[in-house]
Amino acid sequence: MTGYALVFSAKAGRLPRLLRMPTLASAAFRYDLERRLHDEVAIGMSAMAAQLDLVAVTASDPDLHARIGTLRATLCRVVDFVRDVGKSIYPPVLGGADFGAALRAVADHRDLKLQLDLPPYELTAQTRARVGLLVSDHLNTLSPGTVVRVRVRGRRLVRVSITENPQCRRSRKRWWGAARP
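Throughout what follows, the structure given in this document is the object of discussion. (Residues numbered from 1 in each chain as written. Predicted model: local features only at pLDDT ≥ 70, side-chain atom pairs only at ≥ 80, totals over all residues. Heavy atoms only, no water.)

Digging into the overall build of the protein
Next, step 1: Counting secondary structure elements, the protein contains four helices and six strands.
Next, step 2: Going from the N terminus to the C terminus, the protein shows its helices and strands as β-β-α-α-α-β-α-β-β-β.
Next, step 3: In the protein, buried positions account for 40% of the 181 residues.
Next, step 4: Contacts spanning at least 24 positions in sequence make up 64% of the contacts within the protein whose residues lie at least 6 apart.
Next, step 5: Within the structure as shown, the protein displays about 10700 Å² of accessible surface, and the carbon and sulfur contribution to it stands at 56%. (Helix = DSSP H or I, 4+ residues; strand = E, 2+ residues; numbered from the N terminus. Buried < 20%, exposed > 50% of the residue type's maximum accessible area, 1.4 Å probe, protein only. Contact = heavy atoms within 4.5 Å. Areas by Shrake-Rupley, 256 points an atom, 1.4 Å probe, with all protein chains shown as cover.)

Some words on the side chain of Ser-136
Next, step 1: Looking at the element boundaries, Ser-136 is found in helix H4 (residues 125-139).
Next, step 2: Beyond its immediate stretch of four places on either side in the chain, Ser-136 contacts Pro-91, Leu-94 and Val-106.

Concerning the packing of aromatic side chains
Next, step 1: Considering all chains together, one arrives at one aromatic pair under this definition.
Next, step 2: Seen from their ring centres, Tyr-31 and Tyr-90 are 5.3 Å apart, and the 80° between their planes marks the pair as edge-to-face. Of the two residues, Tyr-31 sits in helix H1 (residues 24-58) while Tyr-90 sits in the loop between helix H2 (62-89) and helix H3 (99-109), which places them 59 residues apart along the sequence. (Phe/Tyr/Trp six-rings, centres within 6.5 Å; stacked < 30°, edge-to-face > 60°.)

Focus on the nonpolar core
Next, step 1: With 37 residues, the main nonpolar core has Val-131, Val-135, Leu-139, Val-148, Val-150, Val-160 and Ile-162 as its most contacted residues.
Next, step 2: For Val-150, the residues in contact, after removing those within four places along its chain, are Leu-114, Gln-115, Leu-116, Asp-117, Val-135, Ser-161 and Ile-162. (Core = buried A, V, L, I, M, F, W, Y, C linked by side-chain atoms within 4.5 Å.)

Concerning the pattern of salt bridges
Next, step 1: Scanning the entire structure with this criterion turns up eight salt bridges.
Next, step 2: For Asp-39, the salt bridge identified is with Arg-35, shortest N-O distance 3.5 Å. Of the two residues, Asp-39 and Arg-35 are both situated in helix H1; the distance of four residues between them amounts to about one turn of the helix.
Next, step 3: The class for Arg-35 is partly exposed, based on a relative accessible area of 25%.
Next, step 4: The closest approach of N and O atoms between Arg-128 and Glu-122, which form a salt bridge, is 3.2 Å.
Next, step 5: By relative accessible area, which is 15% here, Arg-128 ends up buried.
Next, step 6: Overall, Glu-122 belongs to the exposed group, its relative accessible area being 54%.
Next, step 7: Three or more residues are tied together by salt bridges with common partners; here these are Asp-117, Arg-149, Arg-151 and Arg-153. (Salt bridge = Lys/Arg side-chain N within 4 Å of Asp/Glu carboxyl O.)

So, the environment of Met-45
Next, step 1: Among the secondary structure elements, Met-45 is positioned in helix H1.
Next, step 2: In this structure, the C-alpha to C-alpha distance between Met-45 and Arg-72, residues 27 residues apart in sequence, is 9.8 Å.
Next, step 3: Met-45 has contacts with Leu-75, Val-78 and Val-79, leaving out every residue within four places of it along the chain.

With respect to the environment of Pro-144
Next, step 1: Within the fold, Pro-144 resides in the loop between H4 and strand S4 (147-153).
Next, step 2: Those residues within four positions of Pro-144 in sequence are excluded, and the remaining contacts are Arg-110, Asp-111 and Leu-112.

Quick look at the pairing of strand S5 (residues 158-165)
Next, step 1: With seven of its eight residues buried, S5 lies for the most part within the structure.
Next, step 2: The sheet contact formed by S4 and S5 spans seven bridges and is antiparallel. In the strand pairing of S5, Val-152 is matched with Val-160.
Next, step 3: Hairpin connection between S4 and S5: a loop of four residues separates the two successive antiparallel strands, and Gly-154 in this loop has a positive phi of roughly 105°. (Pairing = 2+ DSSP bridges.)

A short note on the pairing of strand S3 (residues 113-117)
Two faces belong to every sheet, and in a regular strand the side chains alternate between them.
Next, step 1: Relative to S4, S3 runs parallel, the two being bridged by five bridges. Residue pairing for S4: Lys-113 is matched across the bridge by Val-147.
Next, step 2: For the crossover from S3 across H4 to S4, the handedness is left-handed. (Right-handed = clockwise from strand over helix to strand, strands pointing away.)

Next up, the structure:
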């Protein structure tokens, strides 16, 4: 499946944006990168925070205890940041079986109002991953409160339509993009 999707906004005078469908290789790379950030970096840093707790318990100096607490709080903020970066690279929910629930989770994380129109049949895992990345990448660019309608159709030729309306009203126009399996 190679292709693109055209995305339009209900905002007056806005030109369409062409979004490229991620290749299979880039989708796999993004998945691996997110897993490494989560499994190696974030979990390793969380283990360091737990070790700092153990050191803080044994510290008799109140200044050292306070410095360890500050360092631990900073480390926890960095872990949260690394996890957010990982979610932007490849939202972990896209790996699940329910494609609609995954897209809703991405939209909820960005405080978007999502209207989904998905096919009644199951998309292949590769198609779900690539279409999911295309849609989630676009959702990450929108302002909170935006109403977004996503329509996915086709088996051999997958068509993705993303219509956004930043004013939280129904968009009057529809645009289509296409992606080949």
